Amino acid sequence: TTTLVPSNRYYFYPRLFEKVADHIVTLEDLGRLNSQDLSNTVWSFARIAGVLQTTTTTTTTTTAATTTEYPKLFQRVGDDIVKHRDLKSFRTQELANTAWAFAKAEVSHTGFFDKVRDHVLDNIESLEGGYYFAPREISNLVWSFEKVAAVTSSSVDTRLFERVARHVVALDDL
């Protein structure tokens, strides 16, 4: 029997996460979920992906969670973002957190990361409409791209890092 499980500083109920993931994957349209909903969801799943503890009636087993835990959830959210979302609908923190979640869960969704890269390249220096990448968000984005490249043994698109470096150097204050 799976029960409420302590993990470091918090408790989680694995069956709840399974049920939420199954529900999101089977939704016909994710349009009723806004950018914050999507960001918070994948962030939550990435946070528990470090260590999942399953308690049975006789033993407690700790297993490292990888992308095999909830791959369909991340795939579904990534597909929705690629096909149906304007990334300007994401606040910069939501976008950075979403990229961080995919990387933390070691999910390399090429279409998602390509779309985020292109968006950052087009908007990192923009202050239009208050759309501004704070240093922490830039740091999370850079880490995310580097992590995914390391996990997939692929090369990093240096255009993103060059643009970020130029942007950070040009800032008056970090």
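The structure displayed is predicted, hence computed values, not measured ones.

## Observations concerning the side chain of T98
Topologically, T98 is positioned in helix α4 (residues 92-104). Using a relative accessible area of 0% as the deciding quantity, one classes T98 as buried. Discounting residues that sit within four places of it in the chain, T98 has contacts with S39, V42, I81, F90 and F112.

## Brief notes about the packing of aromatic side chains
Any two aromatic rings considered together are summarised by their centre-to-centre distance and by the angle between their planes. With the rule as written, the count across this model stands at 9 aromatic pairs. Aromatic pair F17 and F45: ring centres 5.0 Å apart, planes at 80°, arrangement edge-to-face. Of the two residues, F17 is situated in helix α1 (residues 14-26) and F45 in helix α2 (residues 35-48); the sequence distance between them amounts to 28 residues. Overall, F17 belongs to the buried group, its relative accessible area being 15%. Their ring planes at 85° and their centres at 5.2 Å tell us that F74 and F102 sit as a pair that is edge-to-face. Of this pair, F74 sits in helix α3 (residues 71-84) while F102 sits in helix α4, and the two are 28 residues apart along the sequence. Here F74 and F102 have matching classes, each one buried.

## Examining the pattern of salt bridges
Within the structure shown, the criterion is met by 8 salt bridges. Between D114 and R117 there is a salt bridge whose closest N-O contact spans 3.3 Å. Taken as a pair, D114 and R117 lie in helix α5 (residues 110-123) at a separation of 3 residues, close to a single helical turn. Relative accessible area serves as the criterion here: at 14%, R117 is assigned to the buried category. Overlapping salt bridges bring together D114, R117, D118, D157 and R159 as one network.

## Some details on the environment of E125
The residue E125 is located in the loop between α5 and α6 (135-152) in this model. For E125, a relative accessible area of 49% translates into the label partly exposed. Sequence separation of E125 and A170 is 45 residues, and the distance between their C-alpha atoms is 9.7 Å. Leave out the neighbours within four places in its chain, and E125 touches R163 and H167.

Rules and cut-offs
- Sequence order as written defines residue numbering, which begins from 1 separately in each chain.
- Two thresholds apply to this predicted model, a pLDDT of at least 70 for residue-level local features and 80 or more for giving and counting side-chain atom pairs, whereas whole-chain, interface and lining totals are computed over all residues.
- Only hydrogens and water are set aside; all other atoms, that is, all heavy atoms of the structure, feed into the side-chain values.
- Numbering of helices and strands runs from the N terminus; a helix is a DSSP stretch of H or I covering at least four residues, while a strand is a stretch of E covering at least two.
- Any residue under 20% of the maximum accessible area for its type is buried, any over 50% is exposed, and the rest in between are partly exposed; the area is computed with a 1.4 Å probe on protein chains only.
- Residue contacts are defined here by distance: any two heavy atoms, one from each residue, within 4.5 Å place the two residues in contact.
- When the centres of two rings from Phe, Tyr and Trp lie within 6.5 Å, Trp using its six-membered ring, the rings pair. Their planes under 30 degrees apart give stacked, over 60 give edge-to-face, and anything left gives tilted.
- Salt bridges are counted wherever a side-chain nitrogen of Lys or Arg sits within 4 Å of a carboxyl oxygen of Asp or Glu.

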